[in-house]
Amino acid sequence: MKVLKGILSESKEYYLNMKAEIQQKLISLPTGSVKERIIAGRKYYYMQKRKDDKVVHEYIGNKKPNDLLEKIQERRVLKAELKKVNEALKILQRAEGRKRD
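Here is a short report on the structure shown in this document. (Residues numbered from 1 in each chain as written. Predicted model: local features only at pLDDT ≥ 70, side-chain atom pairs only at ≥ 80, totals over all residues. Heavy atoms only, no water.)

Thoughts on helix 2 (residues 66–97)
Here helix 2 spans 47 Å end to end across 32 residues, near enough to the 46 Å set by a 1.5 Å rise per residue. For helix 2, the elements touching its buried residues are helix 1 (2–28), strand 1 (33–39), strand 2 (42–51) and strand 3 (54–61). (Helix = DSSP H or I, 4+ residues; strand = E, 2+ residues; numbered from the N terminus. Expected span 1.5 Å × (residues − 1). Contact = heavy atoms within 4.5 Å.)

Next comes the structure, spelled out in structure tokens:
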């Protein structure tokens, strides 16, 4: 039983470290999405994000912001990974809560 508790403890520590790393990375990545608008036959790009209850559009430029799009995609991937880590932590917490001697 001691071995199992040790494994659970190590797993919980691993997932808590992963959660902290992911949250730290998410802080540095932009929120929102890039929207393309065609005005008078020309393309313009805007950053769309929510501020309080309003959706705000900030002008980026007329060139496709590939680096910004990559960062937004990375944020989506990290958020999905964070969701999986949180689910694993819930399972570990339930497993630790059970007392069987």
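So, the pairing of strand 3
Across 7 bridges, the pairing between strand 2 and strand 3 is antiparallel. Counted as the bridge partner of Arg50 is Val55 from strand 3. In sequence, strand 2 turns back onto strand 3 through a hairpin of 2 residues, with Asp52 there showing a positive phi of about 60°. (Pairing = 2+ DSSP bridges.)

Quick look at the packing of aromatic side chains
Enumeration according to the criterion identifies 3 aromatic pairs in this entry. Relative to Tyr59, the ring of Tyr44 lies with its centre 6.4 Å away and its plane at 45°, an arrangement referred to as tilted. Here Tyr59 lies in strand 3 and Tyr44 lies in strand 2, a separation of 15 residues in the sequence. Residue classification places Tyr59 among the partly exposed positions, given a relative accessible area of 48%. Taking 5.5 Å as the distance between ring centres and 70° as the angle between the ring planes, the aromatic pair formed by Tyr46 and Tyr59 counts as edge-to-face. Residue Tyr46 is found in strand 2, and its partner Tyr59 is found in strand 3; the two are separated by 13 residues along the sequence. (Phe/Tyr/Trp six-rings, centres within 6.5 Å; stacked < 30°, edge-to-face > 60°. Buried < 20%, exposed > 50% of the residue type's maximum accessible area, 1.4 Å probe, protein only.)

Notes on the nonpolar core
Ranked by size, the top nonpolar core spans 8 residues in total: Met18, Ile22, Leu26, Leu29, Leu78, Leu82, Val85 and Leu89. The element best represented in this core is helix 2, accounting for 4 residues. Counting residues in each nonpolar core, the second largest holds 5 residues, with Val34, Met47, Leu68 and Ile72 among its members. (Core = buried A, V, L, I, M, F, W, Y, C linked by side-chain atoms within 4.5 Å.)

Details of unusual backbone geometry
In this structure, Ala40 is a non-glycine residue whose phi angle is positive, near 55°. By the secondary structure assignment, Ala40 is in the loop between strand 1 and strand 2. Among the residues examined, Ala40 registers a relative accessible area of 81% and is labelled exposed. One non-glycine residue, Asp52, adopts positive backbone phi at about 60°.

Structural measurements only, silent on function.
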